[in-house]
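Architecture at a glance
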Amino acid sequence: MGFFDGLRRDKNAAGTIKKHQEETPKQVETVVQEVAPVVEESVHQVAEPVQYQPEVIERAPRAQKPAEPEVVHRELKSYAEKAPVTHVVGQTKIIAIINQKGGVGKSTTAINLSACIGELGRQVLLVDLDPQGNASSGLGIEKNLVKNCVYDVLINDVPVEQAIIPDICAGLDVLPATINLAGAEVELVSEMARENRLKDALGRLRGRYDYIFIDCPPSLGLLTVNALVAADKLLIPIQCEFYALEGVTKLLDSMKRVKNRLNPTLDIYGVLLTMYDGRTTLAKQVAEEVRNYFGRIVFNVMIPRTVKLSEAPSFGLPINQYDPSGKGAQSYAALAKEVIARG
């Protein structure tokens, strides 16, 4: 190879390199121009905020609370509209539910024991002799609609049938009380045979009812004396609390005086322990003390302290209708059976 052939080869090689160097930036620029929009679009896509889509979680439906019973407003029928009695009524027993101490469960016992005995197929009359009228309102009787009450029977000589509201519950009639009864204590003072007013009124009902229960006021006034004279027996509720026996001595003294002078057949039918809370030592001690003091006349059934027993009167229902499966209803149902068994 000659010298010039070598130079010519080197020149050609140098030209090829220079051409390549000149074309490369153009190609790169072209590639950059082609790629740039794609990159820019990708950047914009990444830069856009991501919309968070919360996951929809299906929750199980909440358990619905059982519907509360509605407040009952009783139909005030006349005694002539009373449903026919389907059984033979035996000897009528008039029992006064009495304790001069308030808040021991007299009205609660009067309402629920009467309703439970009526549910067992007996005919029962509940006499509300308390001016507060709790036994009447606790059974859904609107006192402002009552035409005649026990006050009219005692003071105005209205026949007792005109004041009785029949069929309040199965087998249960009520002789209601209104606020008028509050003045009866004073008005009876000047009346003839004032102690015998209730006895005379209820005496004409013997043979129509198996049981007549009298809900007495928390006092030893003339209304209570009327109940003591009219009753055959006494049912004494005693609260399982510290002051349970306080005042019972005075009640027993009053019973003895009435028995000696006005009602020789009067005696204690039974003692009922109420508001019993088996979790407390105090309740157990009081129950034991009462049983030791009164002996066999104390009922075997004890009425527990339950919220349902306190709620039922606000709905105008006895416990066997308001909470039939509860402890309160079961206790009063057992008490009703024990009362019937005692005769």
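All residue numbers refer to position in the chain's written sequence, counted from 1. With pLDDT at 70 or above as the cut-off, local features in this predicted model cover only qualifying residues; side-chain atom pairs require 80 or more to be listed or tallied, and sums for whole chains, interfaces and linings still use all residues. Calculation of side-chain values draws on the structure's entire complement of heavy atoms; hydrogens and water are dropped beforehand.

**Examining the pairing of strand β2 (residues 124-128)**
Convention followed: Think of it in three bands: with a 1.4 Å probe and only protein chains considered, a residue is buried below 20% of the maximum accessible area for its type, exposed above 50%, and partly exposed in between. Labels follow the DSSP assignment, with helices taken as runs of H or I lasting at least four residues and strands as runs of E lasting at least two, numbered in each case from the N terminus. At least two bridges found by DSSP between two strands are what make those strands a pair.
Burial analysis of β2 places five of its five residues in the buried class, which makes it a mostly covered element. By the alternation rule, side chains of β2 split into V124, L126 and D128 and L125 and V127, which are all buried. Judged from the five bridges that link them, β2 and strand β5 (residues 211-215) form a sheet pairing that is parallel. Directly across from V124, in β5, lies its bridge partner Y211.

**Examining the sheet that holds strand β7 (residues 267-276)**
Note the following rule: Here, axes are lines fitted to C-alpha atoms. For helices the fit covers the stretch in contact, and angles between N-to-C directions go from 0 to 180 degrees. In what follows, a contact means two residues having at least one pair of non-hydrogen atoms within 4.5 Å.
Taken together, the eight strands give an open sheet; going across it, the order is β3-β4-β2-β5-β1-β6-β7-β8, and neighbouring strands pair in mixed fashion. Each of the sheet's edge strands pairs with one partner strand only, and the pair in question is β3 (165-169) and β8 (298-304). For this sheet the average axis-to-axis angle between neighbouring strands, irrespective of direction, equals 25 degrees. The strands touched by helix α9 (residues 281-294) are β6 (233-239), β7 and β8; relative to β7, the strand with the most contacts, the crossing angle is about 175 degrees.

**So, the side chain of D152**
The criterion, for reference: Think of it this way: Lys and Arg go in the positive column, Asp and Glu in the negative one, and His and the chain ends go nowhere. For this document, the term salt bridge refers to a Lys or Arg side-chain nitrogen within 4 Å of an Asp or Glu carboxyl oxygen.
Along the chain, D152 turns up in helix α4 (residues 150-155). Although buried, D152 forms no salt bridge, and the nearest oppositely charged side chain, R197, lies 11 Å from it. Leave out the neighbours within four places in its chain, and D152 touches K147, D157 and V158.

**Remarks on the packing of aromatic side chains**
As a reminder, the rule being used: Geometry of aromatic contacts follows a simple scheme: Phe, Tyr and Trp rings, the Trp one being its six-membered ring, pair when their centres are within 6.5 Å, and the pair is stacked under 30 degrees between planes, edge-to-face over 60, tilted otherwise. When the NZ atom of lysine or the CZ atom of arginine is within 6 Å of a ring's centre and also within 35 degrees of its normal, the charge is said to sit over that ring.
Within this structure, the stated rule accounts for five aromatic pairs. When the centroid spacing of 5.1 Å and the interplanar angle of 25 degrees are considered together, the rings of F315 and Y322 count as stacked. In this structure, F315 and Y322 share a single accessibility class: buried. A cation over a ring is seen here: K93 above Y211, with NZ or CZ 5.3 Å from the ring centre. Between the NZ or CZ atom of R342 and the centre of the ring of F299, over which it lies, the distance is 4.0 Å.

**Some details on the confidence of the model for the protein**
This is how the line gets drawn: Per-residue confidence from the predictor is given as pLDDT, running between 0 and 100.
Averaged over the protein, the pLDDT score is 85; the fraction of residues at 70 or greater is 80%. Here helix α1 (residues 3-47) is the element of the protein with the lowest mean pLDDT, 51, and β5 is the one with the highest, 98.

**Digging into the packing of helix α2 (residues 106-119) against helix α12 (residues 327-342)**
As a reminder, the rule being used: Roughly parallel here means an angle under 35 degrees, roughly antiparallel means over 145, roughly perpendicular means 65 to 115, and every remaining angle is called oblique. Under this grouping Gly is polar, as are all residues other than the nonpolar Ala, Val, Leu, Ile, Met, Phe, Trp, Tyr, Cys and Pro and the charged Asp, Glu, Lys and Arg.
For the pair α2 and α12, interaxial distance at closest approach is 9 Å and the crossing angle is 70 degrees. Taken together, the axes of α2 and α12 are roughly perpendicular relative to one another. Contacts from T108, T109, N112, L113, C116 and I117 in α2 reach Y332, A333, L335, A336, V339 and I340 in α12. Across the contact of α2 with α12, the residue classes tally to nine nonpolar, three polar and no charged.

**A few points about the pairing of strand β4 (residues 172-175)**
The two faces of β4 match: L172 and V174 on one face and D173 and L175 on the other face are all buried. Alignment of β2 against β4, held across four bridges, turns out to be parallel. Within the sheet, the bridge partner assigned to L126 lies in β4 and is V174. Inspection of the sheet shows β3 paired to β4 by two bridges, in the antiparallel sense. Looking at the pairing, I165 lines up with V174 of β4. Between β3 and β4, which pair antiparallel and follow one another directly, the connecting turn spans two residues, one of which, G171, has a positive phi of 75 degrees.

**Topic: the nonpolar core**
Put simply, the rule is: Remark: nonpolar core denotes a set of buried residues (Ala, Val, Leu, Ile, Met, Phe, Trp, Tyr, Cys) joined through side-chain atoms within 4.5 Å.
One finds L202 and I214 to be the most contacted residues of the largest nonpolar core, which totals 96 residues. Tallying contributions element by element places helix α7 (residues 222-230) first for this core, with seven residues. Apart from residues lying up to four places away in sequence, I214 is in contact with I94, I95, A96, I97, V127, L129, L198, L202, A227 and A230.

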